[in-house]
Amino acid sequence: MSERLSVFKTYKLFVGGKFPRSESGRVYEVTDSKGNWLANAPLSSRKDGRDAVVAARKAFSAWSGATAYNRGQILYRVAEMLEGRRDQFVAEVADAEGLSKAKAAAQVDAAIDRWIWYAGWTDKIAQIAGGTNPVAGPFFNVSSPEPTGVVAVVAPQDSSFLGLVSVIAPVIAAGNTVVVVASEKAPLPALSLGEVLATSDVPGGVVNILSGRAAEIMPSLAAHQDVNAIDLAGAGAELATELEAAAADNLKRVLRPQAVDWAATPGTKRLMAFLETKTVWHPTGSLGAGGSSY
């Protein structure tokens with residue numbers, strides 16, 4: 001009996017809920033920590049970035065308008081699907097980061113737990129980021145958080161999966177949509193995450209994943225007039241400075257790069273980073289002849 005030929009996986013981008021190749025047709029070799037070939041990943045172009053922004057903007061209205069409880073259910077479903085494909089991600093993270101199987105498994109487990117952690121926050125953000133303001137006058141003054149819009153993210157370069165989840169999950173938990181440029185040297189776990197998202201009730205366009213060179217893709221995203229914020233988590237100092245300058249043109253929110261222990265409890269900083277505060281003033285009035293008021 002002849003031996004079967006190996007079936008090599010074809011990695012593709014994840015844009016608008018679909019799996020296109022780069023419009024440029026380019027790919028680049030991805031290797032493990034020892035230099036052994038793993039796969040060819042799409043080398044995204046600026047056009048791919050623009051397409052991803054269009055998809056993210058199209059998805060924003062429905063995603064931001066969904067109930068916080070519903071968004072939490074969907075994020076939890078992502079964690080369920082990741083749990084079912086745990087072995088695949090353990091192997092990909094081990095190859096990507098040169099980790100032992102045990103250490104890679106710890107990274108994957110932490111990433112799954114992080115999805116669940118953020119799923120639990122979706123309907124609690126308003127309690128810590130909004131409230132009734134004490135004002136002197138015949139009116140109520142109420143502040144509530146709302147999502148910023150489309151967020152472009154440079155994923156961490158050295159944490160191919162846990163770091164990736166840690167920058168995507170808070171953005172979408174808060175009701176935003178995201179375009180993320182995966183780690184250039186280790187994009188495979190990110191591209192596989194797209195396959196999970198596609199089967200996890202996440203609407204197409206809420207998360208868009210590009211692979212390639214952040215230095216090529218991100219400048220046009222930072223300058224894009226339909227991108228509302230950028231997270232520079234995985235950008236080097238020089239690139240971060242360039243992107244921050246480009247983002248100033250339409251007053252984008254910018255989360256600057258900083259040293260982060262991705263394994264530590266994340267807190268609410270990233271949840272709060274891409275929220276706007278809406279304040280409503282409502283006059284009080286009399287209720288009936290008795291003169292009682294509210």
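Up top is the structure.
Rules behind the numbers
- Residues numbered from 1 in each chain as written.
- Predicted model: local features only at pLDDT ≥ 70, side-chain atom pairs only at ≥ 80, totals over all residues.
- Heavy atoms only, no water.
- Helix = DSSP H or I, 4+ residues; strand = E, 2+ residues; numbered from the N terminus.
- Rg over C-alpha atoms; globule rule 2.2 N^0.38 Å.
- Buried < 20%, exposed > 50% of the residue type's maximum accessible area, 1.4 Å probe, protein only.
- Contact = heavy atoms within 4.5 Å.
- Lys, Arg positive; Asp, Glu negative; His and termini not counted.
- Charge placed at Lys NZ, Arg CZ, Asp CG, Glu CD.
- Axes fitted to C-alpha atoms, helices over the stretch in contact; angles between N-to-C directions.
- Parallel < 35°, antiparallel > 145°, perpendicular 65-115°, else oblique.
- Left-handed = near helix turned anticlockwise from the far one by under 90°.
- Nonpolar A, V, L, I, M, F, W, Y, C, P; charged D, E, K, R; others polar.
- Pairing = 2+ DSSP bridges.

Caption draft 1: Quick look at the overall build of the protein chain. Across its full length, the protein chain holds 10 helices and 12 strands. For 294 residues, the compact-globule estimate of 2.2 N^0.38 gives 19 Å, and the protein chain sits close to it at 21 Å. Each of the 294 residues in the protein chain was classed as buried or not, and the buried ones make up 46%. If you take every contact in the protein chain between residues at least 6 apart in sequence, the share linking residues at least 24 apart comes to 74%. Of the side-chain charges in the protein chain, 28 are positive and 29 negative, and the distance between the mean point of each set is 3 Å.

Caption draft 2: Seen up close, the packing of helix H3 (residues 86–97) against helix H7 (residues 188–198). One way to put it is that H3 packs onto H7 with a least axis distance of 9 Å and a crossing angle of 160°. Taken together, H3 and H7 sit at an angle that is classed as roughly antiparallel. Both H3 and H7 take part in a crossing whose hand is left-handed. Here H3 contributes Gln88, Phe89, Glu92, Val93 and Ala96 to the contact with H7, which in turn contributes Leu188, Pro189, Ser192, Leu193, Glu195 and Val196. Taken together, the residues of the contact of H3 with H7 break down into 7 nonpolar, 2 polar and 2 charged.

Caption draft 3: How the structure looks around the sheet that holds strand S9 (residues 253–255). Taken together, the 5 strands give an open sheet; going across it, the order is S7-S6-S5-S8-S9, and neighbouring strands pair in parallel fashion. In this open sheet, the two edge strands, each paired with only one partner strand, are strand S7 (207–210) and S9. Between one strand axis and the next, the sheet turns by 15° as a mean value, whatever way the strands run.

Caption draft 4: Molecular detail of helix H8 (residues 214–223). Along H8, the positions that sit buried rather than exposed are Ala214, Ile217, Met218, Pro219, Leu221 and Ala222. Where the residues of H8 are buried, they touch helix H1 (46–65), strand S5 (150–154), strand S6 (177–181), S7, strand S8 (229–231) and helix H9 (237–247).

Caption draft 5: How the structure looks around the side chain of Glu92. Along the chain, Glu92 falls in helix H3. Assessed through its relative accessible area of 10%, Glu92 is described here as buried. Once residues lying within four places of it in the same chain are set aside, the contact partners of Glu92 are Lys9, Tyr11, Leu188, Pro189 and Ser192.

Caption draft 6: A look at the sheet that holds strand S10 (residues 275–283). Spatially, 3 strands are ordered S3-S4-S10 in an open sheet, and the strand pairing comes out antiparallel. Every other strand in the sheet has two partners, leaving strand S3 (131–132) and S10 as the edge strands with one partner each. Taken together, the 2 bridges between S3 and strand S4 (residues 139–147) define a ladder with antiparallel strand orientation. Residue pairing for S4: Gly131 is matched across the bridge by Ser143.

Caption draft 7: Quick look at the packing of H1 against H8. Look at H1 against H8: their axes get within 8 Å of each other, and the N-to-C directions meet at 45°. Between H1 and H8, the interaxial angle falls into the category oblique. Considering how the two elements wind past one another, H1 and H8 form a crossing that is right-handed. When H1 is examined against H8, the residues Arg46, Gly49 and Val53 are found in contact with a partner set consisting of Glu216, Ile217, Ser220 and Leu221. Taken together, the residues that form the contact of H1 with H8 break down as 3 nonpolar, 2 polar and 2 charged.

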